[in-house]
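Survey of secondary and tertiary structure
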Amino acid sequence: MKHLIKYKKPLLCLGSYMLLSFSLYGQNPQGTDSIANNSIDLASKVNKEIDLGFQTEKNSQVVGAVSSIVPDQFLKYDNTQWVRDALNGRITGLKYSDNIRGLGGAMIVVDGIPGRSIDLLNMEEIQEITVLKDANATTLYGSMGKNGVIVVKTKRGSAKTEFNVSASTGFKTAISMPNYLGSAEYMQFYNEARANDGLSQTFSDNQIANHASGVNPFRYPDVDLYSSDYFGSLATYSNVIGDFSGAKDDTKYYINFGFKSDETLQSFGDNDKGTKRFNIRGNIDFRINNWIKSSLDAIAIIEVNKSSLTNLYDAGRTFRPDLYAPLLPINLIDTANNPNLIGVLEAANKFNGFILGGNQSFNSNVPIASVLAGGRQTSMSRISQVNNSIDFDLSSITEGLSAKTYLSFDFYNRYNLTVNNNFAIYQPTWSNENLITNLENVGDTDLKQLEQNVETNIFTIRYGFFGMLNYEKKLNENHAFKASLLGFTNSTHTKSVTQSDKNTHTALSLNYTLNNRFLFDLNTSYVHSVKLAEGNRGKLAPTLGFGYILSEEPSLKNISWLNYLKLRSSVGVIYSDLGVPGYFLYDEFYQQNAGNYKWGDQYGTGFQNGYTKIERGQNYDLGMERRTDFNVGFEGLFFNKLWVEANVFRSVLDEQATLASTVFPEYYNTFRPYSNFNADKRSGFELGINYSDKFGDLGMDIGARVLYTASERTKVDEVYDDEYQYRKGTSIDAYWGLKSLGFFGVDDFDTDGSLKDGIPVPEFGAVQPGDLKYKDINNDGVVNAQDEVVIGRWDAPWTFGSDIKLSYKSFTLFTLLTAQVGSDGIKSDSYYQPQGGDKYSEVVRDRWTEATASTATFPRLSSLENTNNHGRTSDFWLYDASNFKIERIQLTFDFPKQLVSDLNMQDFSIYASGANLLMFSKTKDIQQLSLSSSPSYRYYSLGLRAKF
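Since we're looking at a predicted model, the values are computed, not measured.

Considering helix α5 (residues 183-196)
It helps to recall that an α-helix has 3.6 residues per turn; residues three or four apart then point in one direction. With 14 residues, α5 ought to run about 20 Å at 1.5 Å a step, and its terminal C-alpha atoms sit 20 Å apart, in line with that. Most of α5 sits out of view: 10 of its 14 residues are buried. All buried positions along α5 are accounted for by Ser183, Ala184, Tyr186, Met187, Phe189, Tyr190, Asn191, Glu192, Ala193 and Arg194. Contacts made by the buried residues of α5 are with α6 (205-213). One or two steps after α5, the chain reaches Gly198, where phi turns positive at roughly 75°.

Written out as structure tokens, the structure is:
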């Protein structure tokens, strides 16, 4: 609330100005932009130039499975600046933000350079994002195109001078915080756990009563690090981005600059300042002479995060509520009767009337003391990128001939500046009057350091180069040829990593168009890998694509409702070394001093000698993995209002590198070399629909997308005793585990505590009533790893996305919806599976006891490590991860055209938005609870956009 009060005046002014402008708009409706300007022009998609990374092509001429978005078409009404957020749910065939058709993380290409991160960009910098899905579309990227490619093209200068500003501010709140038990409840349950183990109580009834009463929270603490004492209810953030572009003579320029501030919810202490980020991007395109033009790009990003040395959100998972009071009030220290404490107080660090508390037994678990007195850290990231391209018009040699070179250099550096202070913590002795009569320093001597320690976490240098030779030729109106020859190399070196990552390949693209209807693509790449042995480092990967623009047929051209229809099909191969898990794996590997042997008289006791052991065999035939791809689909525009695209696909990834055992005799053991063996298959379909129309003052743009993916392990190096355990034929993302039958009951045991005859015996440790009971799949009388079967899958086979934009006069309402169906999750964290001395969360309230046997949802408590109940994958811990989300909602108001013109602007709008708003799921409490270093957030913001 304090943040709302802080921004009360500007918010009121903004609201008043919006209402006044709307009032003026109501008096002069002719002074507003037409609804058509707010709607997506679907017809323009047909012949729109699509950036494919190394090439550009009209959408109607693209044979491969490709989808693209243009941020300028939606940013005004969906002002997210995180690229991953903008991608999620918006592109056909894209799962989440970078997973194409379930293949895994796609290769990111920024301005023609593979391997760059989209997390370094804001959406205002981006001109277009294109997703290349099948082998035909990605083959020019060689090995790196294995999982598909996401091509990002940033903005460049234009002939028209423009200046744009986007600014927003808002606050974020935690969706959910961990809920652990308080001291008294924890003590009660821990005593119960001890009793279940046949051990004596740790906490007396008097201790529990004192902690429950709250009579002295410093002597009998009940510490909750997730409370409002340590975390604020909200934190603010702001974002300002500006860009301007223009031209002079033959030179065009573009500059983008941005500032972002993001505060933290951790509000305890003075060192947690949050993150600030500054970025600037500039490029210039210029002509050298009448046949050479060039461009130069430069990017710089600085990000600073200031924090204390301890993350309380993470520390709260292990700091038990009863350990000790982290702060001791000075007014409870009895210096009158204990004058020796006066000197202790004078020397101690003081914080708003408190000194630091502690306990000898837990003097290394001091999160609050660390935050207040331990020091501070500054995490600094510095990123720079430089690109240079040169384009050659070689039409003087032969018409249609051109060439291009592109050189890039990236520098990434992240380091920490830390100040580590020594500090004292005090364990108190209490009197019967609840006064502190003695303080024992169980920490260190207070000492503030004057020097900062520097630690480099990341130091990476990447350079890349590619050259292209292009040729285009058109013979009358019926024949068109295009050809491109590409050479590419890329190298990334990271400090402390001995071997640099290198990618090199050449590629050839041949395209032929007949009668402007029939499209033929022959694309191939020759991939080179330094991960493999000499003589086995190259592979040729061809792809073939065919397209048929059905709507260009004379018999269909005059159909009014059919504006455009294209059929497409492709088949091809991609070879990649990305799945080869290291360098020199083709060579044998020996370990020196792997042990010793004895020889000599009397059973070899005379001498000892070290021996060398072979750890891996040799295989110079180890090769690349192979992806064989097939795609068939169509795209079309109907009634000038409805755009539809759909594909059916199948992808087989075989020749996977593994330490195969089944192809070698058992006695080989560590002699086994890496070889190409395993194979997986993925298949499915995707469908995307966009509808745009207007009804008087109401404009409507609706997009909907669905992706279905299925997977199967078709060849697996495996040996099992039982047929049902073979992974072959199961899904790639399958969870394997035990089938739970609930809990053992009292009736399952004899009086001596042993299981009754006929009940399978678990091999995971001794069990008793209240422990998990598992199904004996093979009926051998024991439960062990041989009884594991498929219990679920972690990846959703069905994903959905929908964007809805409704415009009425000057108001536009945007909503983004996503959903996933069919995936599962495992509750594996200690929050859900506490054992031994772990802190207890709310889940243990439903633990098994004899009294709750019929309603319990959690096993019996144990103060010991319980390997039967915990750390064992089973469907007892499985939950349905299906969900439906309202990702974002934004309401935008466009100011009247006349008012905007009077302000010497081209466009001016304000908006209110919310992100990560709602989830509908049976298990949303589990899915929305983050157990990492920070909570999941819900965002609310106000902003404006202006164009000059």
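Section: the packing of aromatic side chains
Within this structure, the stated rule accounts for 46 aromatic pairs. Each ring, one from Phe54 and one from Tyr141, has its centre 4.6 Å from the other, and the planes form 25°; the classification is stacked. Taken together, the positions of Phe54 in the loop between β1 (49-51) and β2 (56-58) and Tyr141 in the loop between α4 (135-138) and β9 (149-154) put the pair 87 residues apart, joining distant regions of the chain. The class of Phe54 is buried, set by a relative accessible area of 9%. A ring pair is formed by Phe876 and Trp877, whose centres lie 4.8 Å apart and whose planes are at 85°; its orientation type is edge-to-face. According to the relative accessible area criterion, Phe876 is buried, its value standing at 19%. Three or more aromatic residues joined by ring pairs form one cluster here, namely Tyr180, Tyr226, Phe231, Tyr313, Tyr831 and Tyr832. Between Lys172 and the ring centre of Tyr937, over which it is positioned, the NZ or CZ distance is 4.2 Å. In this structure, Arg727 packs its charged tip against the face of Trp736, placed 3.7 Å from the ring centre.

Let's talk about a positive patch on the surface
A grouping of Lys273, Lys276, Lys306 and Arg376 is seen on the molecular surface, where their side chains present a positively charged patch. By the secondary structure assignment, Lys273 is in the loop between β12 (251-262) and β13 (274-287).

What to know about the environment of Phe634
Mapped onto the elements, Phe634 comes out in strand β29 (residues 625-638). Look at Phe634 and you get partly exposed, because its relative accessible area is 29%. Expressed as a C-alpha distance, the spacing of Phe634 and Tyr548, which sit 86 residues apart in the sequence, is 9.2 Å. Not counting the four nearest positions on each side in its chain, Phe634 is found in contact with Leu565, Lys566, Leu567, Arg568, Val644, Glu645 and Ala646.

A few points about the domain arrangement of the protein
Considered domain by domain, the protein is made up of domain 1 (34-158) and domain 2 (168-180 + 224-457). Computed over C-alpha atoms only, the centres of domain 1 and domain 2 are separated by 32 Å. At the interface, 16 residues of domain 1 touch 29 residues of domain 2. Summed over both sides, the interface of domain 1 with domain 2 buries roughly 1,800 Å², with 43% coming from carbon and sulfur. It is Arg116, Leu120 and Arg156 that lose the most area in domain 1 upon contact with domain 2, and together they represent 36% of the buried surface on that side. The tally of links from domain 1 across to domain 2 stands at 5 salt bridges. For Asp111, the salt bridge is made with Arg281, and the minimal N-O distance between the two is 3.6 Å.

What counts as what
Residues numbered from 1 in each chain as written. Predicted model: local features only at pLDDT ≥ 70, side-chain atom pairs only at ≥ 80, totals over all residues. Heavy atoms only, no water. Helix = DSSP H or I, 4+ residues; strand = E, 2+ residues; numbered from the N terminus. Expected span 1.5 Å × (residues − 1). Buried < 20%, exposed > 50% of the residue type's maximum accessible area, 1.4 Å probe, protein only. Contact = heavy atoms within 4.5 Å. Phe/Tyr/Trp six-rings, centres within 6.5 Å; stacked < 30°, edge-to-face > 60°. Lys NZ or Arg CZ within 6 Å of the ring centre and 35° of its normal. Patch = residues over 30% accessible without salt bridge, like charges linked within 9 Å, V, L, I, M, F, W, Y side chains within 5 Å. Areas by Shrake-Rupley, 256 points an atom, 1.4 Å probe, with all protein chains shown as cover. Salt bridge = Lys/Arg side-chain N within 4 Å of Asp/Glu carboxyl O. Lys, Arg positive; Asp, Glu negative; His and termini not counted. Charge placed at Lys NZ, Arg CZ, Asp CG, Glu CD. Domains from an automatic or database assignment. Buried area = accessible area lost by both parts, 1.4 Å probe.

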